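A structural walkthrough
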Amino acid sequence: MLLGLGLSLVAVMLPPWIARAELFLALLVLAALAYAKPVWAMVAWLVAVQSSPEMWLSDLIGQHELIIAVLKAAGLAVMALAAWREGARFDRYNPGFAFGAMFVGGIVHGFWPGLTLLASVRSLIGSAAPFGAGFIKLSAPMRRAIIRVTIAGPVLTVLFGAVLDALGVRAMVGFEQGALRLAAASSPAFLGGFAMIGVYAGILAYLRRKNPWLLGWIGLDLLVLVATGARAPLGLAAFVLVATLVAVPSTQLSLQRRMVLLSLLVGSAGLMLLVLPDVRFIRVIDLWRLGEAGDLSNRTLIWPAFERAIAASPWLGWGVGAGKVVVNLHSSLGELLGTNAAHCEYLRIPTEGGFIGAALLVALLVLWVWRGSAKLPRDQRIVIRLVFFAFAVQSVTDNTLIATTSLAFFTWARAVLVFADESVS
């Protein structure tokens with residue numbers, strides 16, 4: 001109360017500072033609410049992440065990169081307040097440490113031309129942000145909330161996208177070479193990524209508690225995936241789902257239930273093929289019909305630039321954030337592709353941290369998942385490791401560690417993994 005009175009006096013006495021004082025007060029109020037209700041703060045942040053404000057909000061105000069930075073900073077703030085309220089822990093195998101080592105390596109070796117120290121610091125924070133939940137002692141309510149919002153998030157984004165479309169802010173769908181792609185409030189690629197994570201989360205949740213409603217949510221996320229036309233996420237989600245039904249031993253999945261669910265999947269795929277001429281406007285089906293399902297959308301055009309950067313500094317790389325400046329966004333290649341992102345973490349990470357940084361990151365990721373899944377029941381342990389195998393495959397053609405989808409993915413993974421200093425609840 002006294003703080004609010006003091007800020008009000010500042011606002012009256014110094015009019016130019018009114019907006020700043022009000023913003024500061026608003027941030028303090030939000031921080032107080034996040035501290036008082038950490039579970040709800042985490043839910044609100046994850047819903048915001050999955051709605052992709054860097055897409056729909058930037059349509060209104062621009063500032064794409066700033067919105068991403070604020071989104072990641074807000075996540076770190078929510079996690080810090082949750083750790084303060086629920087308890088902090090030392091996450092010894094946290095993959096975020098690898099980016100710290102890469103940052104030091106960049107300073108020792110020297111940054112890529114055009115990459116400043118401040119830009120590298122910002123990239124370091126952004127790269128480590130997805131792993132922030134590793135330092136929180138997650139309560140059972142927090143775990144459940146994270147898992148539920150991860151499953152429901154893509155559907156909520158579609159509903160929000162319908163509202164934005166009705167208001168004329170952002171179109172729900174777009175067309176790419178004549179094929180329809182669902183974007184909702186996000187973009188097709190990002191919405192597909194969130195839906196893929198929702199399928200993973202639904203599978204793990206079902207193995208934990210055999211709730212028939214979860215099957216419905218998995219089905220909805222799969223429908224969103226198909227509508228986005230995101231090929232790799234759809235293929236990987238289907239792979240994990242089929243592998244779980246066919247090969248993962250589980251008391252939650254009787255032989256009869258496995259057969260029923262597999263029949264539903266095969267029947268749905270068969271129905272799509274049967275009506276192929278009528279639904280070929282959907283991108284995944286259209287690309288399959290044209291024999292271009294394996295096309296890499298011109299990703300290979302940008303890869304040689306990263307290969308040359310790696311060859312020029314193979315051991316220490318060029319510093320965290322170098323992946324954003326290796327190709328100038330305003331160059332002929334950048335303008336042709338509409339992006340300067342590597343779309344391959346096996347090229348971006350060695351570019352920024354060299355082979356040493358990449359090896360350290362892979363080692364920490366493997367240890368983080370292996371140790372964190374060791375105390376899980378056998379079926380859940382197999383599936384979460386299978387999910388990270390799929391993540392490793394997806395990293396060949398996607399920005400899995402730098403995109404905002406990583407915020408949802410690793411926060412969800414932390415809610416699933418149970419480390420030695422925690423109990424299974």
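An account of the accompanying structure is given in this report. Since the model is a prediction, treat every value here as computed from it, not as a measurement.

What follows concerns the overall build of the chain. Along its length, the chain carries 19 helices and two strands. Burial statistics for the chain: of 425 residues in total, 50% are counted as buried. Residue pairs in contact within the chain that sit at least 24 positions apart in sequence constitute 76% of those at least 6 positions apart. Of the roughly 20200 Å² that the chain leaves accessible, carbon and sulfur atoms contribute 71%.

Applying the stated criterion to the full structure yields four salt bridges. When the shortest N-O distance is used, the salt bridge between E345 and R348 registers 2.6 Å. Taken together, the positions of E345 and R348, both in helix α17 (residues 345-373) and three residues apart, correspond to about one turn of that helix. Like R348, E345 is buried. Among the charged side chains, a network of salt bridges with common partners joins E345, R348 and E352.

A separate point is a nonpolar patch on the surface. Together, L25, L27, L28, V29, L30 and L33 make up a nonpolar patch on the protein surface, roughly 520 Å² of accessible area in all. Relative to the helices and strands, L33 is located in helix α2 (residues 18-36). Using a relative accessible area of 52% as the deciding quantity, one classes L33 as exposed.

All right, on to helix α9 (residues 188-208) then. Over its 21 residues, α9 extends 30 Å from the first C-alpha to the last, a length consistent with the 30 Å expected when each residue adds 1.5 Å. Of all 21 residues making up α9, 18 are buried, and the element is well covered by its neighbours.

Turning our eyes to something else, we now look at the side chain of D398. Inspection of the secondary structure assignment puts D398 in the loop between α18 (378-394) and α19 (405-416). Excluding anything up to four places from it in sequence, D398 contacts A232, R299, H343, C344 and E345.

Definitions and cut-offs
- Position labels on residues start from 1 in each chain and follow its written sequence.
- Only residues with pLDDT of at least 70 are given local features in this predicted model, and only at 80 or more are side-chain atom pairs given and counted; all residues enter the totals for whole chains, interfaces and linings.
- No hydrogens and no water enter the side-chain calculation; it runs on all heavy atoms of the structure.
- In DSSP terms, a helix is any run of H or I states spanning at least four residues, a strand is any run of E spanning at least two, and both are numbered starting from the N terminus.
- Summary of the burial criterion: residues with accessible area below 20% of their type's maximum are buried, those above 50% are exposed, and those between are partly exposed, where the area comes from a 1.4 Å probe applied to protein chains only.
- Residue contacts follow a heavy-atom distance rule, with two residues in contact if any of their heavy atoms lie within 4.5 Å.
- Computed by Shrake-Rupley with a 1.4 Å probe, the accessible areas treat only the displayed protein chains as cover when residues are assessed.
- We count a salt bridge whenever a side-chain nitrogen from Lys or Arg sits within 4 Å of a carboxyl oxygen from Asp or Glu.
- Excluding any residue in a salt bridge, patches collect residues exceeding 30% relative accessible area, merging like charges within 9 Å and nonpolar Val, Leu, Ile, Met, Phe, Trp and Tyr side chains within 5 Å.
- A helix is expected to span 1.5 Å multiplied by its residue count minus one.

Any functional reading would require information that these geometric values do not contain.
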